[in-house]
Amino acid sequence: MGFIYYLLCTLVLSVVLFSYILRSASLAFMDVGGWVYFVCSCLSHAALLAAVPFVLLFLPVALLGAGPKWSGGLMCAGEVLLIIACIINGYVYSLYHFHINGLVISMLTGPGASDIFVFSPWLYLKASLYILAIIALGAGLLWLAFRVEQLRLRHVWRGGLLTLLGLTLVAQGMHVYAAATLKRSVLEATGYLPYYFPIRMNSTLDKLGLIDGERLSFMQFDSPAGSGNVAYPLNPLQATEPDSLPNIVIFGIDSWNYRTMTPECVPNIYMLADSAEHYTDHFSSSNGTRGGLFGLFTGVSSYYWDSFERAAIQPLLVTRLRQLHYDIQAYPSATLADPPFAKMFFAGVPDLNTDTPGKSVYERDCQITRNFIADIDRRDTTGQKPFFKFVFYDLPHAIQIPKDHLYHFQPSWEYADYMELGNDDDPTPFFNLYRNCVWTVDSLIGEGIRVLKRHHLLQNTVIVITGDHGQEFNENHKNYWGHWANYSRPQTGVPMVYYYPGCQPHRLNHRTTHYDISATLLKQWLGVENPTSDLSMGRLLSDPTPRDWHVVGNDLYYAFILRDGTIVEKRGAGNVVIFDKAMNQLDHYPLNARQLNDAIINLNRFYK
């Protein structure tokens, strides 16, 4: 009886899960393959969810000798609660674009929750009737399971299990194929199922020679314009052509620790900062390269990465540069193919540099500098078309440099030995190795700035110098080294220098973020007239308005950084952990539900 009831509940749960997609914008691009995959996925995932009450409630009680009415009734209660939770989750997903997690629970239990969730008596009555109907459905299915059990159908276990196994294999196989061919209907449908993580085998298929992994990283989804579930910009772009167009250069430094922004460590950058706007409290949009650069170029969080990729949405900054016929070029030390920045940011840009030859990171960093200088020198004979150049250095990320460049800061390790690092170890030799890497990159950027000066281009060139994210050296004494581990300031805070012709040198201490950069360039130099809120999750760099609830991270693991440095961290498992700015866990932090709700709505406002 228990197994038959489990199968019936699986069918009901699969219908509930299937309903999620019916209220979405994804219906426009679903095809036959997408529907087959989604139906199989709903059934197989529902089977997994429905198995929890079966395994945890029915089987133990039945094995202890309880009658079928007791064990069946207990399982019925569990399945009814599961169905109700999945229905509620559907409403949460339609509102917030994510499934029930710790943030939702925090809003329900935090101070101010009663101000957000205000329900009329009619709504309470309606909800009560729904719950009674679901209880009746659960009881009816239990009665039906008893009746079917009396028929003594043979092989119901074998047939049921084989069917569920077959559905699971079909769904997983279709997802493997979709991930290797960028079939949008399949990949998009996956996100509608709560905590459903089907497998990918791109690396294995590439090794077997069944797909071309390098070619895949440049492939775009076949997505008609406007077919996605993202509204970016929020309103149609309104722009006029400026009287003059400046050149724009972004010097990016991978893993740039904000404590190295000193005259001793970065003399060339610091010299430019003395004639520029120097922002001292600047935060990246993530603690990793993918999210950091995504926020810098698009103005929105990499929470949207998958949606942008599937809809083939290009950053507004690059789209506008192309409209104005800029000469666009990138100079990457690490490849732009993985993560696929080339197709995400620069699709359609002709003759784009996607990687740089070199046996070591140092050689590649030197080479991209030579390439940049050569292109500036060559510009004298190829015309006066305005240019946009993105130069991205990797030495501080690799922390690997020739021995003859280790002399500037001592004592210094010769190479990064993470096995030697512990919470009580002196970070100075390791940090000096890192500072030698940053100092070397500064000398290379200095060469780039000098070539701009030599060609008298500073009078018509905008320069941004910043990092994609930070790099921690156990500043908080919690044994964190590097990045991608937490969202404290050492891993998310980066230096930020903004130079433009005629700027008044300032050292600005208000909070700024990577989300501000593209919006500032678009509105200040590229003729865009939309309000900043249409373009970005940030503001203009010059806007000193407090940046409460700054979001960092990606769709599964992200955090909100509050004005006082408090970190509200939502982890991949769905739980919420709160830290102060020194990474001390705050177990009883009074999280304001209204502020959290506003932050989540702001995070999701670029979804249709």
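In this report, we go over the structure that sits alongside the text. Keep in mind that what you see is a predicted model, and the values were worked out from it rather than measured. For every chain, the first residue of its written sequence is number 1, and the numbers climb from 1 along that sequence. pLDDT decides what is reported in this predicted model: residues at 70 or higher carry local features, side-chain atom pairs at 80 or more are listed and counted, and totals for whole chains, interfaces and linings draw on all residues regardless. Heavy atoms throughout the structure, all of them, feed into the side-chain values; hydrogens and water do not.

1. Looking at the pairing of strand β5 (residues 461–467)
The buried label applies to any residue whose accessible area, calculated with a 1.4 Å probe on protein chains only, is under 20% of its type's maximum; exposed applies above 50%, and partly exposed to all values in between. Under the DSSP-based scheme used, a helix requires at least four consecutive residues in state H or I and a strand at least two consecutive residues in state E, with every element numbered from the N terminus. For β5, the buried fraction is high: seven of the seven residues fall into the buried class. Being paired, for any two strands, means DSSP has found at least two bridges between them. With seven bridges connecting them, strand β1 (residues 247–253) and β5 associate as parallel partners. Within β5, the residue paired with Val249 across the bridge is Ile463.

2. A closer look at the packing of helix α2 (residues 32–63) against helix α3 (residues 68–96)
Close contact between α2 and α3 brings their axes to 8 Å; oriented N to C, the two are set at 160 degrees. Here α2 is positioned roughly antiparallel relative to α3, judged by the angle of their axes. The two elements α2 and α3 cross, and the hand of that crossing is right-handed. Counted together, Leu49, Ala50, Pro53, Phe54, Leu57, Phe58, Val61 and Ala62 of α2 and Ser71, Gly72, Leu74, Met75, Gly78, Glu79, Leu82 and Cys86 of α3 form the full contact between these two elements. Amino acids are sorted into nonpolar (Ala, Val, Leu, Ile, Met, Phe, Trp, Tyr, Cys and Pro), charged (Asp, Glu, Lys and Arg) and polar (every other residue, Gly among them). Tallied by class, residues from the contact of α2 with α3 come to twelve nonpolar, three polar and one charged. Interaxial angles span 0 to 180 degrees and are taken between N-to-C directions of axes, which are lines fitted to C-alpha atoms, for helices over the stretch in contact. For classification purposes, angles smaller than 35 degrees are called roughly parallel, those larger than 145 roughly antiparallel, those between 65 and 115 roughly perpendicular, and all remaining angles oblique. Crossing handedness is defined as follows: a turn of the near helix away from the far one that is anticlockwise and smaller than a right angle gives a left-handed crossing, while the clockwise case is right-handed. Contacts: residue pairs with any heavy atoms within 4.5 Å of one another.

3. Quick word on the sheet that holds strand β12 (residues 567–570)
Read across the open sheet, the four strands follow the order β10-β11-β12-β13; overall the sheet is antiparallel. Across the chains shown, the open sheet's two edge strands, defined by having one partner strand only, are β10 (550–553) and β13 (576–579). Pairs of neighbouring strands in the sheet enclose a mean axial angle of 20 degrees, with direction left out of account. Relative to β12, strand β11 (residues 558–561) runs antiparallel, the two being bridged by four bridges. Residue Tyr558 lies in a different strand from β12, and its bridge partner there is Lys570. Helix-sheet contacts for helix α4 (residues 102–109) involve β11, β12 and β13, and the interaxial angle to β13 is about 70 degrees. Docked against the sheet, helix α22 (residues 593–603) engages β10 and β11, running at close to 120 degrees with respect to β11.

4. Points about the pairing of strand β3 (residues 327–332)
Burial analysis of β3 places five of its six residues in the buried class, which makes it a mostly covered element. As paired strands, β3 and strand β4 (residues 387–393) are joined by six bridges and run parallel to one another. Considered in β4, the bridge of Ala330 is made with Phe390.

5. Some points on the side chain of Ser284
Locating Ser284 in the fold gives a position in the loop between β2 (277–283) and α12 (289–298). Excluding residues within four positions of it along the chain, Ser284 makes contact with Gly292, Asp468, His469, Thr492, Val494, His514, His550 and Val552.

6. Quick word on the pattern of salt bridges
Definition used for salt bridges: Asp or Glu carboxyl oxygen within 4 Å of a side-chain nitrogen of Lys or Arg. On inspection of all chains with the given rule, the structure shows eleven salt bridges. A salt bridge links Glu188 to Arg184, with the shortest nitrogen-to-oxygen separation between them at 3.7 Å. Taken as a pair, Glu188 and Arg184 lie in helix α8 (residues 184–190) at a separation of four residues, close to a single helical turn. According to the relative accessible area criterion, Glu188 is buried, its value standing at 6%. By relative accessible area, which is 6% here, Arg184 ends up buried. In this structure, the salt-bridge partner of Glu475 is Arg259, at a minimum N-O distance of 3.0 Å.

7. Examining the nonpolar core
In this structure, Phe346, Phe388 and Phe560 are the most contacted members of the largest nonpolar core, which totals 123 residues. Of the residues forming this core, the biggest block, 13 residues, is contributed by helix α18 (residues 428–454). Only buried Ala, Val, Leu, Ile, Met, Phe, Trp, Tyr and Cys residues count toward a nonpolar core, and they belong to the same one when joined by side-chain atoms within 4.5 Å.

8. So, the packing of aromatic side chains
Pairing of aromatic rings covers Phe, Tyr and the six-membered ring of Trp, with a centre-to-centre limit of 6.5 Å; geometry is then stacked below 30 degrees between planes, edge-to-face above 60, and tilted otherwise. Per the counting criterion, the structure on display carries 44 aromatic pairs. Centre to centre, the rings of Phe341 and Phe345 are 5.2 Å apart; their planes meet at 25 degrees, and the pair counts as stacked. Of this pair, Phe341 and Phe345 both sit in helix α15 (residues 341–346), four residues apart, roughly one helical turn. Across this residue pair, the class does not change: Phe341 and Phe345 are buried. Placement of a charge over a ring requires the Lys NZ or Arg CZ to be within 6 Å of the ring centre, with the centre-to-atom vector within 35 degrees of the ring normal. Seen from the ring of Tyr258, Arg489 lies directly overhead, with NZ or CZ sitting 4.0 Å from the centre.

9. Section: the packing of α2 against helix α7 (residues 156–181)
Their axes nearest at 8 Å, the elements α2 and α7 cross at an angle of 130 degrees. Here α7 runs oblique to α2, going by the angle between their axes. Crossing angle aside, the handedness with which α2 passes α7 is left-handed. Two secondary-structure elements touch here, α2 through Gly33, Val36, Tyr37, Cys40, Ser41, Leu43, Ser44, Ala47 and Phe54 and α7 through Trp157, Leu164, Leu167, Thr168, Val170, Ala171, Met174 and His175. In terms of residue class, the contact of α2 with α7 is built from twelve nonpolar, five polar and no charged.

10. Focus on the environment of Ser301
Within the secondary structure, Ser301 sits in the loop between α12 and α13 (305–310). Along the chain, Ser301 and Gly538 lie 237 residues apart, while their C-alpha atoms are 10.0 Å from each other. Non-local contacts of Ser301, meaning those with residues more than four positions away in its chain, are made with Phe294, Tyr515, Met537, Val551, Gly553 and Leu603.

11. Some details on the side chain of Arg547
Among the structural elements, Arg547 can be located in the loop between α21 (532–535) and β10. Polar contacts, as used here, are pairs of N or O atoms within 3.5 Å; protein pairs need one atom able to donate a hydrogen and one able to accept it. Residues neighboring in sequence count only if both atoms are side-chain atoms. At 3.1 Å, the side chain of Arg547 forms a polar contact with the backbone oxygen of Thr545.

12. Structural notes on the environment of Ala485
By the secondary structure assignment, Ala485 is in the loop between β7 (481–482) and α19 (489–492). As for Ala485 and Leu526, which are separated by 41 residues in sequence, their C-alpha atoms are 37 Å apart.

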